[in-house]
Amino acid sequence: MAVVDLPLVGRPRVIASRRSLRVLEHDLLVFRSGWTNYIVAGLSQPFLYLVAMGIGLGLYVNRNGNLPGGVPYLDYIAPALLVTQAMMAAAFESAWPIMGKIEWDKTYHAALNTPLGAMDLLAGDLMWIGFRATLLSVLFLVVIVALGAAASPLVVFAVPVAVLTALAFAAPIIAFTATQKSDQGFNALFRFGITPLFLFSGTFFPIEKLPIFLQPLAWITPLYHGVAAARSLALGQVEPVALTVHVAALAAVAVLGFAAGRATFRRRLVV
Amino acid sequence: MIAKPETSAPLIHAQGLTKRFGSFTAVDGIDFDVAPGEAFGFLGPNGAGKTSTMRMIGTVSPVTAGELTVFGLDPNHQGAKIRARLGVVPQADTLDNELSVLENLLIYGRYFDLSWAESRRRATELLDFVQLTERSNDKVEPLSGGMKRRLVIARSLINEPSLLLLDEPTTGLDPQARHLLWDRLYRLKQKGVTLCLTTHYMDEAEQLCDRLVVMDQARIVAEGSPRQLIDRYVTREVLELRFRRAEDELDDSAHIDGKLHGLAERVEQLPDRVLVYTADGEAAAAAAYERGLRAASVLVRRATLEDVFLRLTGRSLVE
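A. Looking closely at the overall build of chain A. A count of helices and strands for chain A gives 10 helices and 0 strands. Scanning chain A from its N terminus toward the C terminus, one meets helices and strands in the order α-α-α-α-α-α-α-α-α-α. Relative to its length of 271 residues, chain A is compact, with a C-alpha radius of gyration of 20 Å against a globular reference of 18 Å. For chain A, contacts bridging at least 24 residues in sequence account for 82% of all contacts bridging at least 6.

Written as structure tokens, this is what we have:
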């Protein structure tokens, strides 16, 4: 097989080579030594969240019965939490571990001494983050089904929506990470970016309850689209146009983030 | 069809090779060739441009200007093909702390497209070569500096490279660890692997290099074998004199110069000692004593690359 080169100068002709699969293999090798922890955490976290918030807090919410369509609170937040936890994991994986590979352990630099190129590292690690989001979302889905928290079998499609949401966060955050010299910036990113999104993207209450001037802000955040899409699927209340818009918005952010990552990876790693 | 003749074409060819970072010139138009089977060194202080040169050869840093070929290929556009045949020991260990010693080698083999079975076969062999077999399943973190270095060398050999790039391979190691490492590199050289290394240790350059260039401030200032460089730029022996601070003679460099006048080819006054370059150190020491020069300590030694560097740049190699 001919070796595809990712040249050091000029515009890259290919997005990444098949060698990016080797980077995914690396991450799976690391995963292999701790996979039982991932499974245990992947099942227990959703269970605790859904019991505490969906069932516990839901008792009070349902008593007032003013969620749209009288949906039980557990059913309302379950698909949203499925998406947010995939997003959270992806955001984390795109920050500290990537910084470690670039700056602390410099394992990216070791990989660059092999036929792998910077674009392979970016694509390979995004694949890993996608894999991890898939695994977490499937486990979350298992808990949702076990608790009877989904009205529609379409809930299974909440998994690809969650993975797409994860990538819509991972790609731009990885791009950002490659511009940082230390992990200082991550604290601000999570404090002022990720955590507010988690709370105010329609996860726990409809964004219509936000002050009117904040609502447009919610529309442009990818998490809102992920949550809205997954919820419509889980509740069996799919509006084709809205769903298309949500998915397109997520895909657009992921693609733009990847393009940004290509630029920042190259600037950081090819000097 | 005519068979291609066995060429002695250089593995690395550089002409006017230049690397600039913005307005800073790290490598300023250097020329050199590295022949197959040779151990070639870049000797120079920190910041001389050695690492930038190595990174361009390793095709991880674009060439700014000038000509560079590695295996006859262009690093800027055929990097993956070059890297497939290259072994690299970077200055920092860059080992993967999340993986075991063995796994570090296994995945690196995969990066070179080896099958898992082949990667495992070579990894096992290489761990034996660098004497780390019994640490195979340990994590990397608890290993000593010397062990980590050996593991990095094993890793760089997983693709059976014909050219090995080593950037300061023994910096920060204790003498015992250095000698073990040198021994392994010597064995590789015996097997026909071409070595290209940077160092700021003159003893390392003397031990390992058939031929070397001395770099200073982004340029090559001299080239030759260690012996040739010593013959060309300094005398066979060096007389080192140290003077006691309290005495009158001490800071009177003109006085010392006067006493040594005619005894040596060259006299170099350093802050802590005086170096007298001469073919016969013992004779010069005796003559200086006769002239009434009283040093606190007298040492006669063979000239080294350190002296060559001092002569060429007016500065010491390791500050």
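B. Representation of the environment of V159 of chain A within the structure. Residue and element names in this part refer to chain A. Inspection of the secondary structure assignment puts V159 in helix 6 (residues 158-177). Once the C-alpha coordinates of V159 and D75 are considered, the two residues, 84 residues apart in sequence, prove to be 16 Å apart. When near neighbours in sequence (up to four residues on either side) are disregarded, V159 contacts T134, S137, V138 and L141.

C. Focus on the domain arrangement of chain B. All names here are of chain B. Domain boundaries assigned for chain B yield domain 1 (12-225) and domain 2 (231-313). If you average the C-alpha positions of domain 1 and of domain 2, the two centres end up 38 Å apart. Counting residues at the interface gives 9 residues for domain 1, matched by 9 residues for domain 2. The set of elements that each furnish at least two residues to the side of domain 1 that touches domain 2 consists of helix 7 (202-208), strand 8 (211-216) and strand 9 (219-224). The residue inventory of the side of domain 1 that touches domain 2, partitioned by class, reads 6 nonpolar, 1 polar and 2 charged.

D. Main features of the interface of chain B and chain A. Listed as interface residues are 27 residues of chain B and, on the opposing side, 25 residues of chain A. Only helix 2 (79-83) and helix 3 (101-111) of chain B provide two or more residues apiece to the side of chain B that touches chain A. With 5 residues, the single largest contributor to the side of chain B that touches chain A is helix 3 of chain B. A per-class count over the side of chain B that touches chain A returns 12 nonpolar, 9 polar and 6 charged.

E. Structural context of the sheet that holds strand 5 (residues 86-89) of chain B. Residue and element names in this part refer to chain B. Spatial ordering of the open sheet is given by 5-6-7-3-8-9, a layout of 6 strands whose pairing is mixed. Lying at the two open borders of the sheet, with one neighbouring strand each, are strand 5 and strand 9. Each neighbouring strand pair of the sheet contributes to a mean axis angle of 15°, computed without reference to strand direction. Bridge count for strand 8 against strand 9 is 5 bridges, and the pairing is antiparallel. Residue pairing in the sheet places M215 in a bridge with I220 of strand 9. Against the sheet, helix 11 (residues 305-313) makes contact with strand 3 (39-43), strand 8 and strand 9, and its axis sits at roughly 40° relative to strand 8, the strand it touches most.

F. Representation of unusual backbone geometry in the model. Residue and element names in this part refer to chain B. Of note in the backbone geometry, T59 takes a positive phi value of approximately 60° without being a glycine. The residue T59 is located in the loop between helix 1 (50-57) and strand 4 (65-70) in this model. Using a count of 31 C-beta atoms within 10 Å as the deciding quantity, one classes T59 as buried. Of note in the backbone geometry, F71 takes a positive phi value of approximately 55° without being a glycine. With respect to the helices, strands and loops of the structure, F71 is situated in the loop between strand 4 and helix 2.

G. Quick look at the packing of helix 8 (residues 226-233) of chain B against helix 11 of chain B. Residue and element names in this part refer to chain B. Two elements in contact, helix 8 and helix 11, have axes whose closest approach is 9 Å; the angle formed by their N-to-C orientations is 50°. As summarised for this structure, helix 8 and helix 11 are arranged oblique, according to the angle between their axes. As helix 8 packs across helix 11, the resulting crossing turns out to be left-handed. Where helix 8 approaches helix 11, its residues P226, L229, I230 and Y233 are matched on the opposing element by L305, V308, R311 and L312. Looking at the contact of helix 8 with helix 11 residue by residue, the classes come out as 7 nonpolar, no polar and 1 charged.

H. A look at the nonpolar core. Judged by nonpolar contacts, the single largest core of 172 residues is most densely connected at L82, A86, A162, A166 and A230 of chain A together with V276 of chain B. The dominant element in this core, judged by the number of residues it contributes, is helix 3 (residues 73-104) of chain A, at 18 residues. Each of two domains, domain 1 (12-225) and domain 2 (231-313) of chain B, supplies a minimum of three residues to this core. Not counting chain neighbours up to four residues away, the residues in contact with L82 of chain A comprise S137, F140, L141, I144, A158, A162 and A230 of chain A.

I. Layout of the sheet that holds strand 1 (residues 12-21) of chain B. All names here are of chain B. Within the open sheet, the 3 strands sit side by side as 2-1-4. Their pairing is antiparallel. Strands with a single pairing partner mark the edges of an open sheet, and in this sheet they are strand 2 (24-34) and strand 4. For this sheet, the mean angle separating the axes of adjacent strands, direction not counted, is 25°. Where strand 1 lies against strand 2, 8 bridges are found, and the strand directions are antiparallel. Directly across from T18, in strand 2, lies its bridge partner D28.

J. Quick look at helix 1 of chain B. Residue and element names in this part refer to chain B. Counted residue by residue, helix 1 has 7 buried out of 8 residues, so it is predominantly covered. Residues of helix 1 that are buried include every one of K50, S52, T53, M54, R55, M56 and I57, and no others. Trailing helix 1 by a residue or two, T59 shows a phi angle of about 60°, which is positive.

K. Examining the pairing of strand 13 (residues 297-302) of chain B more closely. Residues and elements named next belong to chain B. Judged by how many residues are buried, strand 13 sits mostly at the surface: 0 of 6 residues are covered. Pairing of strand 10 (residues 237-242) with strand 13, which is carried by 6 bridges, proceeds in the antiparallel orientation. If you follow R242 over to strand 13, its bridge partner there is S297.

L. Molecular detail of helix 7 (residues 184-200) of chain A. Residues and elements named next belong to chain A. Between its terminal C-alpha atoms helix 7 stretches 24 Å, which fits the 24 Å expected from 17 residues at 1.5 Å a residue. Along helix 7, the sharpest change in direction is near 40° and occurs at F190. The inward-facing, buried residues of helix 7 contact helix 3 and helix 9 (222-234). At the C-terminal side of helix 7, G202 shows a positive phi close to 85°.

Cut-offs used in this document
- Residues numbered from 1 in each chain as written.
- Chains lettered and ligands numbered in written order.
- Predicted model: local features only at pLDDT ≥ 70, side-chain atom pairs only at ≥ 80, totals over all residues.
- Helix = DSSP H or I, 4+ residues; strand = E, 2+ residues; numbered from the N terminus.
- Rg over C-alpha atoms; globule rule 2.2 N^0.38 Å.
- Contact = placed C-beta atoms within 7 Å.
- Domains from an automatic or database assignment.
- Nonpolar A, V, L, I, M, F, W, Y, C, P; charged D, E, K, R; others polar.
- Pairing = 2+ DSSP bridges.
- Axes fitted to C-alpha atoms, helices over the stretch in contact; angles between N-to-C directions.
- Buried ≥ 20, exposed ≤ 12 C-beta atoms within 10 Å, placed from the backbone.
- Parallel < 35°, antiparallel > 145°, perpendicular 65-115°, else oblique.
- Left-handed = near helix turned anticlockwise from the far one by under 90°.
- Core = buried A, V, L, I, M, F, W, Y, C linked by C-beta atoms within 7 Å.
- Expected span 1.5 Å × (residues − 1).
- Bend = angle between axes of the 7 residues up to and from the residue.

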